[in-house]
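# An overview of the molecular structure
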Protein chains: 2
Amino acid sequence: MKYGFSEKVKYLKSSAVRDILKVINQGNIISFAGGLPEEKLFPTEAVSQAFHKAVTTNRKALQYGETEGVTELRQWLANRMSNKGIERSFEDILITSGSQQAIDLFSRVMFDQGDVILAENPTYLAALQVFESYGTKVVGVDSDEDGMVISDLEKKITKWKPKCIYVVPTFSNPTGKVWSLERRKQILQLAEKYHVVIFEDDPYGELKFSSGDVPPPMASLDKKGLVLYTSTFSKTVVPAMRIGWIAGPHQIIRIMAQAKQATDLHTNSISQHALVHLVNDFDIDEHIETIRATYYERMLVMKDLLDRVDMDGLEYLEPKGGMFFWVKLPEGINTEILLADAVKEGVAFVPGAPFYVDNVKQNTLRMNFTNSEPAIIEEGMRRFVKVLEQNKTTIG
Amino acid sequence: MKYGFSEKVKYLKSSAVRDILKVINQGNIISFAGGLPEEKLFPTEAVSQAFHKAVTTNRKALQYGETEGVTELRQWLANRMSNKGIERSFEDILITSGSQQAIDLFSRVMFDQGDVILAENPTYLAALQVFESYGTKVVGVDSDEDGMVISDLEKKITKWKPKCIYVVPTFSNPTGKVWSLERRKQILQLAEKYHVVIFEDDPYGELKFSSGDVPPPMASLDKKGLVLYTSTFSKTVVPAMRIGWIAGPHQIIRIMAQAKQATDLHTNSISQHALVHLVNDFDIDEHIETIRATYYERMLVMKDLLDRVDMDGLEYLEPKGGMFFWVKLPEGINTEILLADAVKEGVAFVPGAPFYVDNVKQNTLRMNFTNSEPAIIEEGMRRFVKVLEQNKTTIG
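Residues numbered from 1 in each chain as written. Chains lettered and ligands numbered in written order. Predicted model: local features only at pLDDT ≥ 70, side-chain atom pairs only at ≥ 80, totals over all residues. Heavy atoms only, no water.

### A few points about the pattern of salt bridges
In the structure shown here, the tally under the stated rule is 54 salt bridges over all chains. Between A:D304 and A:R308 there is a salt bridge, and its shortest N-O distance comes to 2.8 Å. Taking the relative accessible area as the measure of exposure, A:D304 reaches 37% and is therefore partly exposed. Given the relative accessible area of 58%, A:R308 is considered exposed. Measuring nitrogen to oxygen at the nearest pair gives 3.0 Å for the salt bridge that ties B:K10 to B:E7. Note on B:K10: relative accessible area 55%, which makes it exposed. Connected via shared salt-bridge partners are A:R80, A:K84, A:E206 and A:D285. (Salt bridge = Lys/Arg side-chain N within 4 Å of Asp/Glu carboxyl O. Buried < 20%, exposed > 50% of the residue type's maximum accessible area, 1.4 Å probe, protein only.)

### With respect to the packing of helix 6 (residues 150-160) of chain B against helix 7 (residues 181-194) of chain B
All names here are of chain B. Remark: helix 6 packs on helix 7, axes separated minimally by 11 Å, with the N-to-C direction vectors making an angle of 15°. Looking at the two axes, helix 6 sits roughly parallel to helix 7. Considering only the axes of helix 6 and helix 7, their crossing is right-handed. Touching I150, L153, E154, I157 and T158 of helix 6 are R183, Q186, I187, L190, K193 and Y194, all from helix 7. (Axes fitted to C-alpha atoms, helices over the stretch in contact; angles between N-to-C directions. Helix = DSSP H or I, 4+ residues; strand = E, 2+ residues; numbered from the N terminus. Parallel < 35°, antiparallel > 145°, perpendicular 65-115°, else oblique. Left-handed = near helix turned anticlockwise from the far one by under 90°. Contact = heavy atoms within 4.5 Å.)

### Comments concerning the side chain of B:T123
Note that B:T123 resides in the loop between strand 3 (116-120) and helix 5 (125-133). If we skip the residues at most four places from it in the chain, B:T123 touches B:L128, B:Y166, B:V168, B:N173, B:P174, B:F355 and B:V357.

### Some words on the sheet that holds strand 12 (residues 324-328) of chain B
All names here are of chain B. Here 4 strands make up an open sheet; going across it, the order is 11-12-15-14 and the pairing antiparallel. Each having just a single partner strand, strand 11 (315-316) and strand 14 (350-351) make up the two edges of the open sheet. Two strands pair when backbone bridges link them, and strand 12 and strand 15 (residues 364-368) are joined in this way by 5 bridges, in the antiparallel orientation. Bridge pairing in strand 15 places V327 opposite L365. (Pairing = 2+ DSSP bridges.)

### Here we look at the environment of A:H287
Structurally, the position occupied by A:H287 is in helix 11 (residues 284-307). When the C-alpha atoms of A:H287 and A:P43 are compared, they prove to be 8.0 Å apart, with 244 residues separating the residues in sequence.

### What about the domain arrangement of chain A?
Residue and element names in this part refer to chain A. Domain assignment breaks chain A into domain 1 (7-42 + 285-395) and domain 2 (45-281). Taken over C-alpha atoms, the centre of domain 1 sits 25 Å from the centre of domain 2. Tallying the contact residues gives 35 residues for domain 1 and 36 residues for domain 2. One can count 1 salt bridge joining domain 1 with domain 2. Between D285 and R80 there is a salt bridge; the shortest N-O distance is 2.8 Å. For the pair domain 1 and domain 2, the number of links is 11 residue pairs in polar contact (both at pLDDT 80 or more). For the side of domain 1 that touches domain 2, the secondary structure elements donating two or more residues are helix 11 and strand 12 (324-328). Counting residues per element, the side of domain 1 that touches domain 2 draws most heavily on helix 11, which supplies 8 residues. Residues belonging to the side of domain 1 that touches domain 2 are distributed by class as follows: 21 nonpolar, 7 polar and 7 charged. (Domains from an automatic or database assignment. Polar contact = N/O pair within 3.5 Å; in protein donor to acceptor, adjacent residues only side chain to side chain. Nonpolar A, V, L, I, M, F, W, Y, C, P; charged D, E, K, R; others polar.)

Quick look at the structure:
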């Protein structure tokens, strides 16, 4: 039987990262490829107690729930976001199945085929995938250390009349960059001037390494109802719960809730109730401090080893938070080909190409440091350097 | 700020049932409106233990998981479906966030704007909502006690060239009907003849009242890879988990998994692992027997009270399973208007109109009997009969 799929199916791509993950999970490979948090830090005892309370305290918690999400969780989030300067009532918050679903529902209610989205280049590839699954065109904006380059952004706004600017301004994926406050304000001013909505994706905001200040989320600077802000519990509690949220102008959140009702009625509410118990009974901030300290230590281990690589043209930016190193190798090295060699040596990373919107740089790659203990990072980097040495000979 | 939504937003409708539920949850109203299982039957102790095991046995269970779902759960489902004659490998099964998401993902990969879906009239309104959210046209097929009328189905297949036939053949929502084996076979033959895919929605299949046989699922009769079959744990365990599944031709399931990856990466895997423990440690069949017996008793209470209503033209079909009575009142009564009176008297139901694809019958309504104890059913029916009496005078 030949099946007649929808036209949109041609825009669906499997995620390169997840496809690689599938393969490498099968062997004895040290993986710097995924974006996985450290399992050993999962607060299993607290999570277990929270689920116990969620299941046994109130039978209503096991019944069908409201599409918008569990009110107490939304209230806690409203309060927590307020501490970061984002002033939103709980009614402006929709609980989603991870922040991935927030990106999808937003796309569903906002984009028609042919609509244009502006994004930093490179950027989070699974967001690109979702945008493109709706037949949109994503156009890359030049960026420097401080964020999108304002002149290029304005040029592209006027040329492309985009429906949305997608931003990951804090510990971005894949580059680990933090956009400056000045740049955040300038981007908002342009968005206001041209009436463009900003979608701020902030999965890593809690994972900062230094005690120094990080600029506030763009949503906290928004006075005109232009910014939608999404984040997740996947990096601070556990990913398997699939609990994220999105906050923004009520008019958009309301329509997204209607789309969500059609999509899956509501997000798993046992997990939502468990989170309510967890944030009440457990010191989540202390837990986040432990995560930060652990990831910071691992980042330094990887940085030290990267510094010791003897290869001209190898560059990276030291991440101030988040989960990744973004590495540039000398021109002429194609990291997709390099990956095949690396896997043979027992180490994996993600080639940079899929993160690019356009002007793909084949000599880039992303390495995760959060999911491997220091000794494993050392062994993995030893293997990685060996592969680099081999390739240096090839191109040298 | 005026936001530019996508064209498809105009097809999004809020569910009439859920909107009513929101209102009636606020007052002292006996509700026969929702499709809620009885909370008192939730196996909270077993669910709690299952979650405890899921959270504490294996940290990997708390990590990001595979889009297709937890393998052990898919294997258990493959085995369970096999007992009903549906032969599918676990690789032909995708775990979804409730069967609602199965309907949505299927629609996403199959339908383009203007595509036609044939459905019994009336049928499950939330499926209609999803189909229409993709800009499709749903065309109603005539049906009698045994299911879709074959001559009308063939006429409409040749006229409309539908992409899909949507069926709820076992304890259908809203009518509680069971389609005969003969009719199931004839529908399959037509689907084969014209190469049309069948989407079989079976949330209530486990909830049968008599010990007598119910015809097997249409998916079990399918030899040509034409039937997709979806069901859920919402009615047999708890709805708050949002765990459903869809089984069908691998080619379609694989593309749906790609769409799911973009949508929400994967379904809550703590709940999936908890279900694996639950089905191993807990006698789910005995539990289902308890649910059946309880619902059967409640159905009989409501039936007895319906039989005693003194109103010419009131008709219903005794449900052989499931959760609902579908009631026809004398022509001239508009149940949407009647609902307003009913809510004043402290009882609620769902007007039949939203379940209709076309040829809407305003004098119909759906009543749920599973979520109210017998004494509450009696009081609710007393109020309902009072409202009917008032309206009899009005139209008499």
